[in-house]
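Chain by chain, the residues run as shown.
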Amino acid sequence: MKTKTILLATFAAVAVAALPVVAAQTGMFPQRAGAKPPLPKPVPAGDVFTREQIGHALAPPTPGAGRTVAPAAAAPQDDGQWTMPAKNYAATRYTSLNEITPANAKNLQEVFSFSLGVNKGQEAAPIVVDNTMYVVSAFPNHVYALDLTKEGAPLKWSYNPKPVPAAAGVACCDVVNRGGAYADGKFVFNTLDGATIALDAKTGKEVWRTQLGDINKGESVTMAPLIAGGKVLVGNSGGEFGVHGWLTALDLGSGKIAWRAYHTGPDDQALIGKDFHPFYAMDRGKDLGVKSWPAGAWQIGGGTMWGWIAYDPATQTIFYGTANPGPWNQLQRPGDNKWTAGLFARDVNTGQAKWFYQMNPHDEHDYDGINEQLLLDMPFGGKMREVLLHPDRNGYVYVVDRETGQVLSADPYGPVNSSKGVNLKTGRLIVNPAKETHLGQVVHDICPTASGAKDWNPSSFSPRTGLVYIPHENLCMDWMNLEVNYISGTPYVGAEVKMKPGPGGHRGELTAWDPVLRKPAWTIREDLPVWSGTVSTGGDLVFYGTMDGWFKAVDARTGKLVWKQKLESGIIGQPISYKGPDSHQYVAVLSGVGGWSGAIVSGPLDPRDGSSALGFVNTMTDLPNRTTAGGTLHVFALPH
Amino acid sequence: MTLALALGACDQAKDDTSTGTFAPAGPGAPAQRDVALVPGGGDLVTAPDRRALPYLDNAAAVTEGMQLYNQMNCVGCHFNGGGGIGPPLMDTSWTYGGRLDQIYDTIYFGRANGMPAWGGKLTDDQIWKIASYVRSMSLPETIAANGNGTPSQHPAPVPREADAFDGWHVPKEAGS
């Protein structure tokens, strides 16, 4: 009552000045600092299925039938540049440069670094064209062009797109950006508030800017564009905001919209017509994007596209996956929820769908399908097959015929108990009823977790080893559904999630996956989730980063660690390797922890609430004690 | 966070200009004026809004506020106080002020970095109740009642003395 008297009777300035002291003395306002909730217990090994129990293939391995390679049209001979995040249309993230090897990597040293001026999660790949390096920062999406021909790589130009600050309010999982791409003298990238911008690569002057998304509807854009067939391909984010997901093609020259394909709704909006020939019966029928939903629910049903697109120039076909249906509470959307959580093949010129395959019909666990597709020609069933390889959030690495959309094999590469394999006759995921989700009731130890056996962070493929280097997670979760109302521009989730370590207690892995033998050649266990991409090289190295800031090189054949360097912040970016103006090999990566997994640091969030950041905080409470927020480009080379 | 504060300060300066809080200045005299560097109505000479009083020491207000917080999807951004898209609410950092009327303002008007404006969409009474639940999240009583690892499920009423704390350290000169 004394306090009240002061407040009402005297100048508030006095009261305000005096009271925090009182508060501190009485411990009335506990500080976040020092709160270190323990990590949750790992899920027991016996609670997940073995690879042998749930892996399936149409035929046994036939490694003698040929060598696995990327198709030449999609992965042309290496020119030492890095024009798109995935290196090439086959998305191999492989450079043939071989100056750096397992024998000499120990001599790697930093050549230069550059602060991005933004301390949020940095997920972009640096782009290298004509001896210039282009980098896009996390929101507010600054672009920097660095001159690699001069000592210290000085800034040539920078560009500030000035996105609307409110865009940060509709970004589900930190304000990340996955980079830009170069073509025809233009550097093209997206902003969080939903614009696609083409800059003159030489001057940094804006050539065109096209607004694609509307933050008032919950739309944002975080992906890197793919430039293919004269089109710039961009999808929206906002699967946690009840948006209507789409992929849009812009004309590279003018920035005008060429076509837009929605991922829910009637066939004419989904660009599904006479050329559409899905392999499985479950994906056939008229207007399934409407009929597989409760009335009207498709309009706010998600199915966004914020990940990776591969492109086969030989057939002018793009391949990409669609994200989760919304809301997360599956009870509010009975049905298969087409065309979410599946793979599309489309004509790049018209956007018309060729086939679709739904990995997760009626997804119950936030298993977006937006992860990378690697285009490979590999031996299967005694002959060479043209396939795409897709490590999905649901824990299976899918090998799919590029022409037909038929699944040749589906094997778990991380902890799985939410399903019991993929039925290769029907194509349908065999959902485990014990891990289905319920209203107001916690279902424990679901594997993989909502962010998947892996999330967006892309794999690489070395034609020298025939292995796919998959950076991924070993996490599971507890899940409870809650009723949720749709209010435009606000989250539309309806689930309380708490993540936890998978069997073994380590939270991340780098798996060298043999797609022909359908098993790992080797696996590295990491304490923290691996949220960076990988790059593999002609010198038989694989580079990746850890969330506590170690940038590592391992032997591509054995997984043996040959070099590591501690950076100023955790690494969740995409490493690349390029040939400098001096013809030497360089390796570049962004540090700056954040993203969904690192939001506890970049937020910063309070570790006492495990449900924070859609439940990721629950299993990352130690991260704030191991790294701090940052945002820096680092470039390495051998002494020369 | 620094950016947010800086923007807030600019906004506040503009507001003060528009509401005419200039120091008296005669013709030809150099203009003198005071600006509030503390955002969100946290000006040191602003008395708390008396409309907050019924929501202090009010157990029903925080309980109803919790229901509204969930129904209006506040939970989708701030979760159970730990934050995610929006900042944490169970700690003692307040970007725009931690007094009940400052929290009310944040909910009513929204904030530039992504907080939607709920004024006109919810009643004033509802906004005050959500504000009181938000303020309750960092109370030691609420934190001590943390059950099953999910905080803020048993919110304690906001005591009157808590409302004097706006989340900033006030410079010594200001109070002495």
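Residues numbered from 1 in each chain as written. Chains lettered and ligands numbered in written order. Predicted model: local features only at pLDDT ≥ 70, side-chain atom pairs only at ≥ 80, totals over all residues. Heavy atoms only, no water.

J.: Help me out: how do you make sense of the overall build of chain A in this one?
T.: A tally of helices and strands in chain A yields six helices and 39 strands. The C-alpha atoms of chain A give a radius of gyration of 24 Å, which matches the 26 Å a tight globule of 640 residues would have. Summarising its shape, the C-alpha atoms of chain A cover approximately 85 × 60 × 50 Å along the three principal directions. In chain A, the proportion of contacts linking residues at least 24 apart, taken out of those at least 6 apart, comes to 64%. Accessible surface, chain A: about 20,200 Å² in total, of which carbon and sulfur atoms supply 53%. Seen as two clouds, the 55 positive and the 57 negative side-chain charges of chain A have centres 2 Å apart. (Helix = DSSP H or I, 4+ residues; strand = E, 2+ residues; numbered from the N terminus. Rg over C-alpha atoms; globule rule 2.2 N^0.38 Å. Contact = heavy atoms within 4.5 Å. Areas by Shrake-Rupley, 256 points an atom, 1.4 Å probe, with all protein chains shown as cover. Lys, Arg positive; Asp, Glu negative; His and termini not counted. Charge placed at Lys NZ, Arg CZ, Asp CG, Glu CD.)

J.: Before we go on, may I ask you to explain the sheet that holds strand 34 (residues 541-545) of chain A in this structure?
T.: As a general point, the strands of a sheet are linked pairwise by backbone hydrogen bonds and lie either parallel or antiparallel. Taking strand neighbours across the sheet as the criterion, the five strands line up as 2-33-34-35-36 (chain A) in an open arrangement whose pairing is mixed. Each edge of the open sheet is held by one strand with a lone partner, namely strand 2 (94-95) and strand 36 (561-566) of chain A. (Pairing = 2+ DSSP bridges.)

J.: Before we go on, may I ask you to explain the state of the cysteines in this structure?
T.: Put plainly, a disulfide is one covalent bond tying together the sulfur atoms of two cysteines. Residue and element names in this part refer to chain A. What the rule picks out here adds up to two disulfides over all chains. The side chain of Cys-447 participates in a disulfide bridge whose partner is Cys-476; the two sulfur atoms lie 2.2 Å from each other. What sets the handedness of the Cys-447 and Cys-476 disulfide is the S-S torsion sign, and at about 105 degrees it is right-handed. Pair noted here: Cys-447 is in the loop between strand 26 (443-446) and strand 27 (460-462) and Cys-476 is in strand 29 (residues 475-481), with a separation of 29 residues, a long-range link. For the pair Cys-447 and Cys-476, one class covers both residues: buried. Sequence-ordered numbering of the disulfide-bonded cysteines in chain A gives the connectivity 1-2, 3-4. (Disulfide = S-S within 2.5 Å. Buried < 20%, exposed > 50% of the residue type's maximum accessible area, 1.4 Å probe, protein only.)

J.: Mind showing me how you'd approach the sheet that holds strand 32 (residues 519-526) of chain A here?
T.: Residues and elements named next belong to chain A. Taken together, four strands build an open sheet; the order of strands is 27-28-31-32 and the sheet is antiparallel. Two strands in the sheet have a free side with no partner beyond their single neighbour: strand 27 and strand 32. Strand-to-strand twist in this sheet, taken as the mean axis angle between neighbours without regard to direction, amounts to 20 degrees. Where strand 27 meets strand 28 (residues 467-473), three bridges bridge the pair, whose relative direction is antiparallel. Note on strand 28: the bridge partner recorded for Ser-460 is Tyr-469. (Axes fitted to C-alpha atoms, helices over the stretch in contact; angles between N-to-C directions.)

J.: Help me understand the pairing of strand 13 (residues 231-235) of chain A in this model?
T.: For a regular strand, side chains alternate in direction, first toward one face of the sheet and then toward the other. All names here are of chain A. Across the five residues that make up strand 13, a large majority, five, are buried. Burial of strand 13 is two-sided: the residues Lys-231, Leu-233 and Gly-235 facing one way and the residues Val-232 and Val-234 facing the other way are all buried. For strand 12 (residues 226-228) and strand 13, the ladder comprises three bridges, and the chain directions are antiparallel. Each residue of the ladder has a partner; that of Ile-227, found in strand 13, is Val-232. Taking the residues between adjacent antiparallel strands as the criterion, strand 12 and strand 13 are bridged by two residues, where Gly-229 takes a positive phi near 55 degrees. Here strand 13 pairs with strand 14 (residues 246-251) via five bridges, running antiparallel. Within strand 14, the residue paired with Lys-231 across the bridge is Asp-251.

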